[in-house]
Amino acid sequence: MTAVDDAVIVVDFGAQYSRLIARRVREAHVFSEIVPATITASEMAERRPKGIILSGGPKSVYETPAPSLDPAVYDLGIPILGICYGAQLVAKQLGGTVARTGKGEYGRTNVSLVGASPLFADWPSESQVWMSHGDAMTEAPPGFDVLAKSEGSPVAAFGDDRRRIYGVQFHPEVVHTARGSEFLARFAHEVCGTPAAWTHVSIIESAVAAIRAQVGSDRVLCALSGGVDSAVAAALVHKAIGDQLTCVFVDTGLMRAGEAEQVEETFRRQFHIDLVHVKAADRFFEALADVTDPEVKRKRIGELFIRIFEEVAAELGAGDAGPRFLVQGTLYPDVIESGNAEAANIKSHHNVGGLPEDLAFELVEPLRLLFKDEVRAIGEELGLPAEIVWRHPFPGPGLAVRITGEVTRERVEIVRAADTIVVDEIRKAGLYSELWQSFAVLPATRTVGVMGDGRTYAYPIVIRAVTSDDAMTADWARLPYDLLERIASRIIGEVEGVNRVALDITSKPPGTIEWE
């Protein structure tokens, strides 16, 4: 999928909510994309966005250094909305005043409207919003009207309808701000003039057109993992090019229980897609022998995947050039978390940083601009079965990144059996659809225990269950005690080599959802 017209660009100043801003705009059926604060005015102009939103951030505008915005952006004639730090930056750069008043506001805050604006149309005179700031705007820039105020913010919102530049001290993207989503929708539709055209149908249509334009009449391979991302990517590409597509399911020996059977059933029997099933467990265990570093694990798995695809392509070519395109289910959060020149590499995702540099394929990534919820909706639209569309995310490297330390057949069997129990009991409790992910982790340690009046020295299993909207942030799930007891009892009683069960209660941040 390529860049989309009629976009609203979110400039990221390091805010924890930048992704949420982008999601809220997309919920208004307008495409949004996140860019770093280092973007220049000329680079912004090349993108031709219909609107720009400046995110919040952890810095003060008076810190040195502090992220800034190319001042020439204000002269592009593109509507701009600054949020929190973004608003303070607009105020400072355009001649207003930002000060440390000693009256920081955090959490739910009441604001009073003092001026008229299309952004606040139909808002009550008093409203509750979400604030999180130490500095405050005390004077709006020359030519701007003060639109709202609060006890700690003399200028809680300001705007210039002629220039279509606005700033708000509060966070409209969080659910705690009453009418916040409506506020962002008004900015996108009424101020920026973007149509509500980013729909599931339009996403599919534009993706199909982009795929056909990219691959032409060439043959294409698709890497199937059994997860929702690769499944939706495969269905989307098949819709675009039909029999030009060959799917490859590489059985690494690192998959969940029943994975291979489900992939076969869905794609070979239901969608009638040409499917090559490569059984390569021995090669993956050999590549992972003595490897303990998680980044090395990811890269070795990613490289071996590609080498196997190259072999399949050569076999399909039968002496001629085989498929030169490779489909992958890369998502927008994968791209963000894998880092770039401006952003830290949290972990090399299998579909991004885990690929070898001498890649012999041209990648086709029809989901690269999408969040997970958008992918699920498209999967439903394409007719994929619910058990695939709504199954919990599964990492490309499989169970290898749910095992700390060396990956061996024995340890994989242990974590696979424990994982099956975790998911089974969560399904029985009716909680599966309420969780983003739930799985078992096998740490690289052993613990002393007592079983059957005898001493044991076996592995612990850690239960990981989280709630999330898009995996950019996550909270640990408050599972009922009786459910945890059933899971622990079954794991210890049924999984050989385990004598202890623990619960991971870490949110993201500071932790990641997966352990490696």
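In this report, we go over the structure that sits alongside the text. (Residues numbered from 1 in each chain as written. Predicted model: local features only at pLDDT ≥ 70, side-chain atom pairs only at ≥ 80, totals over all residues. Heavy atoms only, no water.)

Along the chain, Val174 turns up in the loop between β11 (165–168) and α4 (180–191). On the accessibility criterion, Val174 (6% relative accessible area) is buried. Placed 64 residues apart in sequence, Val174 and His238 show a C-alpha to C-alpha distance of 37 Å. Each residue touching Val174, except ones within four places of it in the same chain, is listed here: Tyr17, Leu20 and Trp130. (Helix = DSSP H or I, 4+ residues; strand = E, 2+ residues; numbered from the N terminus. Buried < 20%, exposed > 50% of the residue type's maximum accessible area, 1.4 Å probe, protein only. Contact = heavy atoms within 4.5 Å.)

A separate point is the packing of aromatic side chains. One pass over the structure, following the stated rule, counts 12 aromatic pairs. Plain terms: the ring middles of Trp123 and Phe170 are 6.2 Å apart, the flat faces sit at 35° to each other, and that makes the pair tilted. Pair noted here: Trp123 is in the loop between β6 (105–113) and β7 (126–133) and Phe170 is in the loop between β11 and α4, with a separation of 47 residues, a long-range link. On the basis of relative accessibility, which here comes to 0%, the residue Phe170 falls in the buried class. By the ring-pair criterion, three or more aromatic residues cluster together here, those being Phe120, Trp123, Phe170 and Phe183. A cation over an aromatic ring shows up here: Arg427 above the ring of Tyr432, its NZ or CZ 3.8 Å from the ring centre. In this structure, Arg478 packs its charged tip against the face of Trp476, placed 3.8 Å from the ring centre. (Phe/Tyr/Trp six-rings, centres within 6.5 Å; stacked < 30°, edge-to-face > 60°. Lys NZ or Arg CZ within 6 Å of the ring centre and 35° of its normal.)

This paragraph deals with the nonpolar core. Core analysis: the largest hydrophobic core is formed by 96 residues, its most contacted members being Phe267, Phe309, Ile426, Leu479 and Ile491. Examining the composition of this core, we find that 10 residues originate from one element, helix α6 (residues 228–241), more than from any other. The residues contacting Phe309, other than those within four sequence positions of it, are Leu221, Ala223, Val248, Val250, Leu326 and Phe361. The next biggest cluster of nonpolar side chains, apart from the first, holds 34 residues, and it includes Val30, Cys84, Val168 and Phe183. (Core = buried A, V, L, I, M, F, W, Y, C linked by side-chain atoms within 4.5 Å.)

This part is about the pattern of salt bridges. Under the counting rule described, the total for this entry stands at 36 salt bridges. Of the charged contacts, one joins Arg324 and Asp218 as a salt bridge, the two residues approaching to 2.9 Å between their closest N and O atoms. One end of the pair, Arg324, is in the loop between α9 (294–317) and β15 (325–327); the other, Asp218, is in the loop between α5 (200–215) and β12 (220–224), and 106 residues separate them in sequence. Between Arg368 and Glu365 there is a salt bridge, and its shortest N-O distance comes to 2.8 Å. The exposure class of Glu365 is buried, given its relative accessible area of 13%. Through salt bridges that share partners, Asp424, Glu425, Lys428, Asp482, Arg486, Arg490 and Glu494 make up one connected network. (Salt bridge = Lys/Arg side-chain N within 4 Å of Asp/Glu carboxyl O.)

What follows covers the sheet that holds strand β2 (residues 32–36). Pairing is mixed across the open sheet formed by 9 strands, whose spatial order is β2-β1-β3-β4-β11-β10-β9-β6-β7. The open sheet terminates on both sides in strands that have one partner only, identified here as β2 and β7. Taking each pair of neighbouring strands and ignoring which way they run, the sheet shows an average axis angle of 25°. With 3 bridges connecting them, β6 and strand β9 (residues 145–150) associate as antiparallel partners. Residue Leu113 lies in a different strand from β9, and its bridge partner there is Ala148. (Pairing = 2+ DSSP bridges. Axes fitted to C-alpha atoms, helices over the stretch in contact; angles between N-to-C directions.)

What follows concerns helix α8 (residues 281–288). Along α8, the positions that sit buried rather than exposed are Ala281, Phe284, Phe285 and Leu288. Relative to the axis of α8, the buried residues are bounded by an arc of 95° and lie together on one face. Exposed residues lying more than 90 degrees from the buried face of α8 are Asp282 and Glu286. Of the surrounding secondary structure, the elements contacted by the buried residues of α8 are β13 (245–251), β14 (274–279), α9 and α13 (409–428). Residue Asp290 follows α8 closely and has a positive phi angle near 70°. (Arc of directions from axis to C-beta.)

Next up on the list: the sheet that holds β13. Taken together, 5 strands build an open sheet; the order of strands is β14-β13-β12-β15-β16 and the sheet is parallel. In this open sheet, the two strands that pair with only one neighbour each are β14 and β16 (362–364). If you compare each strand with its neighbour and ignore which way they point, the axes differ by 30° on average. In this sheet, β15 lies alongside β12 in parallel orientation, the contact comprising 3 bridges. Each residue of the ladder has a partner; that of Val220, found in β15, is Phe325. In the packing of helix α7 (residues 259–270) onto the sheet, contacts are made with β12, β13 and β14, and the angle to β14 comes to roughly 165°. Where α9 meets the sheet, it contacts β12, β13, β14 and β15, and its direction lies at approximately 135° from that of β13.

In this section: the layout of surface pockets. By volume, the second largest pocket is sized at about 420 Å³. Gln16, Tyr17, Leu20, Asp469 and Thr473 are the residues nearest the centre of the second largest pocket, which is lined by 18 residues in total. A total of 4 residues in the lining of the second largest pocket trace back to one element, the largest contributor, which is helix α1 (residues 18–27). Of the residues assigned to the lining of the second largest pocket, the class counts are 7 nonpolar, 5 polar and 6 charged. (1 Å grid on protein atoms, 1.4 Å probe; cavity = no way out; pocket = protein on both sides within 12 Å on 5 of 7 lines; lining within 4 Å. Points joined across faces, edges and corners; volume = space filled by probe spheres on them. Nonpolar A, V, L, I, M, F, W, Y, C, P; charged D, E, K, R; others polar.)

Here the bond from Thr64 into Pro65 is cis, since omega is -5°, no more than 30 degrees from zero. Along the chain, Pro65 falls in the loop between β3 (51–54) and β4 (80–83). Lys508 connects to Pro509 through a cis peptide bond whose omega is -10°. Its place among the elements puts Pro509 in the segment after β21 (498–503). Residues other than glycine seldom take positive phi values, yet His29 does so here, at roughly 65°. Positionally, His29 belongs in the loop between α1 and β2. Phi at Arg48 takes a positive value of approximately 50°, unusual for a residue other than glycine.

Attention shifts here to the environment of Val250. In this structure, Val250 sits in strand β13. Overall, Val250 belongs to the buried group, its relative accessible area being 1%. Through-space distance from the C-alpha of Val250 to that of Arg490 is 30 Å; in sequence the pair is 240 residues apart. Contacts of Val250, omitting those with residues within four sequence positions, involve Leu224, Val278, Ala280, Phe284, Phe305, Ile308 and Phe309.

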